[in-house]
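Descriptive structure summary
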Amino acid sequence: MKAKAEPDYRFYALYDKLYRTDVLAIAYSRCRANKGAPGVDGQSFEQVEQYGREQWIGELAKSIRTGLYRPQAIRRVYIVKPNGKLIVAEQLRPLGIPTLQDRVLMMAAVMVLNPIFEADLMPQQYAYREGRNAHDALTSVRQNLNTGLVDVVDADLSDYFGTIPHSALMRSVARRIVDKKMLNLIKSWLGIAVEETDARGHKSRTTESRDTGIGIPQGGLD
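Residues numbered from 1 in each chain as written. Predicted model: local features only at pLDDT ≥ 70, side-chain atom pairs only at ≥ 80, totals over all residues. Heavy atoms only, no water.

Quick notes on the nonpolar core
Note the following rule: Buried Ala, Val, Leu, Ile, Met, Phe, Trp, Tyr and Cys residues form a nonpolar core when they are joined through side-chain atoms within 4.5 Å. Only protein chains enter the area calculation, which uses a 1.4 Å probe; residues under 20% of their type maximum are buried, those over 50% are exposed, and those in between are partly exposed. In DSSP terms, a helix is any run of H or I states spanning at least four residues, a strand is any run of E spanning at least two, and both are numbered starting from the N terminus. By definition, residues are in contact when any of their heavy atoms lie within 4.5 Å.
With 41 residues, the main nonpolar core has Leu18 and Ile177 as its most contacted residues. If you list the elements that add at least two residues to this core, you get helix H2 (15-18), helix H3 (21-33), helix H4 (45-51), helix H5 (53-65), helix H6 (100-118), helix H8 (166-174) and helix H9 (180-190). Among the elements that make up this core, the one with the highest residue count is H6 (10 residues). If we ignore the near neighbours within four places in the chain, the residues touching Ile177 are Arg10, Phe11, Leu14, Leu113, Ile116, Phe117, Met182 and Leu183.

Take a look at the structure:
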């Protein structure tokens, strides 16, 4: 693959891959398999199927191709955060839920971009990589322990998603991607609004990530 063979190569033509109906169809199938609740527009996968999957995908492709696509706000909900084997009710984790259109397009972008950045990752990295998971990492640890490597370092970044600097992230992406439309699309997702509903059913929207240039809603863009 070109990304692996040429570590310094920068990719120019990527955005047009996003509105290919075959790419969007695969992205839709992956998102549907993950299930998930509707976003701020209330649209569900069941409604899309009733409307007509191919027609829905075709309309999404057209909006991307013509430049009319705009991301909608992410619906924020709070889920109970596991604490070891116990569930502590006071510990709630915010979770961002994009609309189905945004979710499918994000998945399509992952499909297009993943092979490029996958080529730059070290074999020791397991998180957020297709075909790898925490169990694979544990297997590697056990194998290393059996060979006499007994020192283990456990590290975690506090509030990682909430503190990602947009400018630094975009510079990192731009090391490999030159396509301005693709870069602008990613930037628009970083600054997406967040909608919350209070106990009385009142909705409010904030643009903290866009205003500060820091953080992304966990669950939507990660």
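After that view, the rundown keeps rolling.
Some points on the pattern of salt bridges
Selection criterion: The salt bridge criterion pairs a side-chain nitrogen of Lys or Arg with a carboxyl oxygen of Asp or Glu, the two atoms within 4 Å.
A complete count under the given rule lists 10 salt bridges for this structure. Measuring nitrogen to oxygen at the nearest pair gives 3.3 Å for the salt bridge that ties Asp16 to Lys17. Asp16 sits in the partly exposed class, given a relative accessible area of 34%. Owing to a relative accessible area of 27%, Lys17 belongs among the partly exposed residues under this scheme. The partner of Arg30 in a salt bridge is Glu130, and the shortest N-O contact between them spans 4.0 Å. In this pair, Arg30 is assigned in helix H3 and Glu130 in the loop between H6 and helix H7 (134-146), connecting sequence segments 100 residues apart. Put simply, Arg32, Glu49 and Arg53 are held in one network by salt bridges that share partners.

As for the layout of surface pockets
Rules: Residues are called lining when one of their atoms sits within 4 Å of a cavity or pocket point, these points coming from a 1 Å grid over the protein atoms alone, where a cavity is a set in which a 1.4 Å probe fits but cannot get out and a pocket is an open set with protein on both sides within 12 Å along at least five of seven lines. Grid points are joined across faces, edges and corners, and a volume is the space filled by probe spheres set on the points. Just so you know the grouping, Ala, Val, Leu, Ile, Met, Phe, Trp, Tyr, Cys and Pro go in nonpolar, Asp, Glu, Lys and Arg go in charged, and all remaining residues, Gly too, go in polar.
By volume, the second largest pocket is sized at about 200 Å³. Tyr15, Gly67, Tyr69, Arg70 and Lys181 are, among the 14 residues lining the second largest pocket, the residues nearest its centre. When contributions to the lining of the second largest pocket are tallied by element, the ones reaching two or more residues are H5 and H9. In terms of residue count, H9 provides more of the lining of the second largest pocket than any other element does, 4 residues in total. Taken together, the residues of the lining of the second largest pocket sort by class into 6 nonpolar, 5 polar and 3 charged.

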